[in-house]
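Listed here are the chains, written in short residue letters.
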Amino acid sequence: VKIIISSILRLLEIKNNQIVYISISAGLGQLYETVFILIARFKNCNIYIHHHSFEYIKQKSYLTSFLLFVSGKATINIVLSDKMREKFKYFYPRAKKIVVLSNISFVDTPIYKKTLKSKYDTIGYLGYLTEEKGIHEFINMAVELNKIGLLSLAIIAGPYISNQMKYYILEL
């Protein structure tokens, strides 16, 4: 509660016409995030909402609908993939400005690069088996490493979100 009150007070102190970026929660956290957005609208701020969760994209959430209503049509909504954008547009047609920005964009370029002199034995993927979490990139990387002789085994582990993805991976 202290953090929420502190965040609200800081938001009240900002000047008008600023940029407000908020990554929203998947559940009841959207209640206090709606308050943040109301304050930002009152301050005539440019609002950017980053949607990292698929919870309210898999099925419509009335809380998310309300939050998006409060945010206004000028709000920029950032989603993780083209698929997420399409589902988001379907459930929340009021949101007109939608930008795709993959989480890979936030990974820094390595400072240290080492030339590989010997092959890796194994690489692994652990996480949700979805396009948004990078499973296709992992598979493509494994295929390329295998082609140039740097990989002998790729292990994939994690829950399937769809049968389509399950069969895709099992057919590899």
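Up top is the structure these notes are about.
Because the structure is predicted, anything quoted here is derived from the model rather than measured.

Q: Got a minute to help me understand a nonpolar patch on the surface in this structure?
A: Taken together, I5, L9 and L12 make up a surface patch of nonpolar side chains, about 270 Å² in accessible area. Its location among the elements puts L9 in helix 1 (residues 2–13). Assessed through its relative accessible area of 48%, L9 is described here as partly exposed.

Q: Explain the environment of F42 to me, please; I cannot follow it from the model alone.
A: Residue placement: F42 occurs in helix 2 (residues 29–42). For the pair F42 and Y32, spaced ten residues apart in the sequence, the C-alpha separation amounts to 15 Å.

Q: What exactly am I supposed to notice about the packing of helix 1 against helix 2 here?
A: Packed helix pairs are characterised by how far apart their axes lie and by the angle those axes make with each other. Two elements in contact, helix 1 and helix 2, have axes separated by 10 Å at closest approach and are oriented at 10 degrees. Overall, the two elements helix 1 and helix 2 adopt an arrangement that is roughly parallel. Together, I4, S7, I8, L11 and L12 of helix 1 and Y32, V35, F36, I39 and A40 of helix 2 make up the contact between the two elements. Here the residues of the contact of helix 1 with helix 2 are counted per class, giving nine nonpolar, one polar and no charged.

Q: So what exactly am I meant to see when it comes to the packing of aromatic side chains here?
A: We describe a pair of aromatic rings using the distance from one ring centre to the other and the angle between the two ring planes. On inspection of all chains with the given rule, the structure shows five aromatic pairs. Ring centres of Y32 and F36 lie 5.7 Å apart, and the angle between their planes is 70 degrees; on these two criteria the pair is classed as edge-to-face. On the criterion of helical spacing, the pair formed by Y32 and F36 is a turn pair, its members being four residues apart in helix 2. Overall, F36 belongs to the buried group, its relative accessible area being 13%. Through pairs of rings, three or more aromatic residues link up here, namely F88, Y90, F91 and Y92.

Rules of the game
- Residues numbered from 1 in each chain as written.
- Predicted model: local features only at pLDDT ≥ 70, side-chain atom pairs only at ≥ 80, totals over all residues.
- Heavy atoms only, no water.
- Patch = residues over 30% accessible without salt bridge, like charges linked within 9 Å, V, L, I, M, F, W, Y side chains within 5 Å.
- Areas by Shrake-Rupley, 256 points an atom, 1.4 Å probe, with all protein chains shown as cover.
- Salt bridge = Lys/Arg side-chain N within 4 Å of Asp/Glu carboxyl O.
- Helix = DSSP H or I, 4+ residues; strand = E, 2+ residues; numbered from the N terminus.
- Buried < 20%, exposed > 50% of the residue type's maximum accessible area, 1.4 Å probe, protein only.
- Axes fitted to C-alpha atoms, helices over the stretch in contact; angles between N-to-C directions.
- Parallel < 35°, antiparallel > 145°, perpendicular 65-115°, else oblique.
- Contact = heavy atoms within 4.5 Å.
- Nonpolar A, V, L, I, M, F, W, Y, C, P; charged D, E, K, R; others polar.
- Phe/Tyr/Trp six-rings, centres within 6.5 Å; stacked < 30°, edge-to-face > 60°.

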